[in-house]
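Structural overview
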Amino acid sequence: MKMDARCTYCLLSRVHYEAQLSTNDTELIHKTMLAGIDVLKETYKPGVAAGVVSTAIHRKAYEMLNDEDPYFELRQLSNRIAEKVYPYAHSLVHAGDPTDEEMFRRAVLASVIGNFFDFGIMGFDVGEDVFDETFAEIFRKGLDVDDTSEMFKMLDDVVYVVDNCGEIILDTLVFDIIRKVGGKITLVVRGAPMLTDVTMENVRELELDKKVDRVLTTGSNAVGVCFEEAPAEFIDALENASLIISKGMANYETMSERNFEAIAYLLRTKCEAVAEDMGLEMGYSIAKLVR
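This is a predicted model, so every value here is computed, not measured.

What counts and what doesn't
Residues numbered from 1 in each chain as written. Predicted model: local features only at pLDDT ≥ 70, side-chain atom pairs only at ≥ 80, totals over all residues. Heavy atoms only, no water. 1 Å grid on protein atoms, 1.4 Å probe; cavity = no way out; pocket = protein on both sides within 12 Å on 5 of 7 lines; lining within 4 Å. Points joined across faces, edges and corners; volume = space filled by probe spheres on them. Helix = DSSP H or I, 4+ residues; strand = E, 2+ residues; numbered from the N terminus. Nonpolar A, V, L, I, M, F, W, Y, C, P; charged D, E, K, R; others polar. Domains from an automatic or database assignment. Pairing = 2+ DSSP bridges. Buried < 20%, exposed > 50% of the residue type's maximum accessible area, 1.4 Å probe, protein only. Contact = heavy atoms within 4.5 Å. Salt bridge = Lys/Arg side-chain N within 4 Å of Asp/Glu carboxyl O. Core = buried A, V, L, I, M, F, W, Y, C linked by side-chain atoms within 4.5 Å.

Considering the layout of surface pockets
- If you add up the space inside the largest pocket, you get close to 980 Å³.
- If you go around the largest pocket, you meet 37 residues; those closest to its centre are Cys10, Arg14, Met249, Glu253 and Lys270.
- Every element with two or more residues in the lining of the largest pocket is listed here: helix H1 (6-22), helix H3 (50-65), helix H5 (100-116), helix H6 (119-125), helix H12 (249-255) and helix H13 (272-277).
- It is H1 that provides the largest number of residues to the lining of the largest pocket, a total of eight residues.
- Of the residues contributing to the lining of the largest pocket, the split by class is 20 nonpolar, eight polar and nine charged.
- Each of domain 1 (2-65) and domain 2 (72-290) contributes no fewer than three residues to the lining of the largest pocket.
- Approximately 250 Å³ is the volume found for the second largest pocket.
- Lining the second largest pocket we find 16 residues, and of these Val52, Val225, Cys226, Phe227 and Glu228 sit closest to its centre.
- Secondary structure elements with two or more residues in the lining of the second largest pocket: H3 and H12.
- Element by element, the count of residues in the lining of the second largest pocket is highest for H3, at five residues.
- The residue makeup of the lining of the second largest pocket, split by class, is seven nonpolar, three polar and six charged.
- Both domains that meet at the lining of the second largest pocket, namely domain 1 (2-65) and domain 2 (72-290), each give it at least three residues.

If you want it as structure tokens, here you go:
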């Protein structure tokens, strides 16, 4: 996905947010914002990949703040909140006597709904009962783009590139069904902390390695995937996968810059730029297979 003009103010807003997470020093926040503006001037031009700009601006913010992980506490909180609501999502996926294919569709839907929530922020002021009600409402609506039937036929050797903490707890519902039907899973997380994205530290904390067959990283703290920084083992896994599952908007922004034999994008269209790039509308629950 290429940079959209609307991405500029969204990125600067996110820089301000992470600066506030990191420090109460008003002068340092101003300096961080000014540095972000400078990076934007240097990197933003029509046709540039969105991931190039977002990675550069967040790395500069982390450098200015002298903080390699401003979102550390928020990631921990996100996982704690998501673990509390996981049983309800699990009950919806397994309700009745569904076929394996239907369970897979439901698990994908639950995972996509997880992409809609910012669990860390929600954890401050949203009770579990409110979450359950909202989750159920979106779950009843179902997927707006549903290619899960085709995806279900391609689960032999899946590379699953995950997104944020919190929602990773709901991703495990998908992992369970893939392994239930005999598929293998290569889980891919960030190579170093970036935003609220899952890292190897989170894998160990949540024992996610027990849910999959192997765990790889993207090789760096780039937003999404920077293929120039990706390890050979990860590239090889992508090239040999029966299906690549790309979770979330940041992964879409970067993975969509490459052509793959089969890649499924699981996400909620939470911004106009991503929705339009996908030829869809805002607020859609998406499980879109691209070949």
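Re the pairing of strand E7 (residues 285-290)
- Note that strand E1 (residues 145-146) and E7 share two bridges and pair parallel. In the sheet register, valine 145 faces E7, and the bridge partner there is isoleucine 286.

Structural notes on the side chain of arginine 75
- Among the secondary structure elements, arginine 75 is positioned in helix H4 (residues 72-94).
- Residue arginine 75 is classed as buried on the basis of its relative accessible area, which comes to 0%.
- Discounting residues that sit within four places of it in the chain, arginine 75 has contacts with Asp69, Cys165, Pro193, Leu195, Thr196, Asp197, Thr199 and Asn202.

Considering the pattern of salt bridges
- Counting across every chain of the model gives 22 salt bridges.
- A salt bridge links glutamate 150 to arginine 291; its shortest N-O distance comes to 3.3 Å. Within this pair, whereas glutamate 150 is found in helix H8 (residues 148-152), its partner arginine 291 is found in the segment after E7, the two being separated by 141 residues in sequence.
- Residue arginine 214 pairs with glutamate 233 through a salt bridge whose shortest N-O separation is 3.6 Å. Of the two residues, arginine 214 is situated in strand E4 (residues 214-217) and glutamate 233 in helix H11 (residues 232-240); the sequence distance between them amounts to 19 residues.
- One salt-bridge network, in which partners are shared between bridges, spans Asp4, Arg6, Glu272 and Glu276.

Some words on the nonpolar core
- Of all hydrophobic cores here, the largest spans 50 residues; its most connected members are Phe135, Met151, Tyr160, Leu243 and Ile245.
- Among all residues touching phenylalanine 135, those that are not within four sequence positions of it are Tyr88, Ala89, Leu92, Ala110, Ile113, Phe117 and Leu170.
- Formed by 48 residues, the second largest nonpolar core is a distinct cluster that contains Tyr71, Leu74, Met255 and Ala273.

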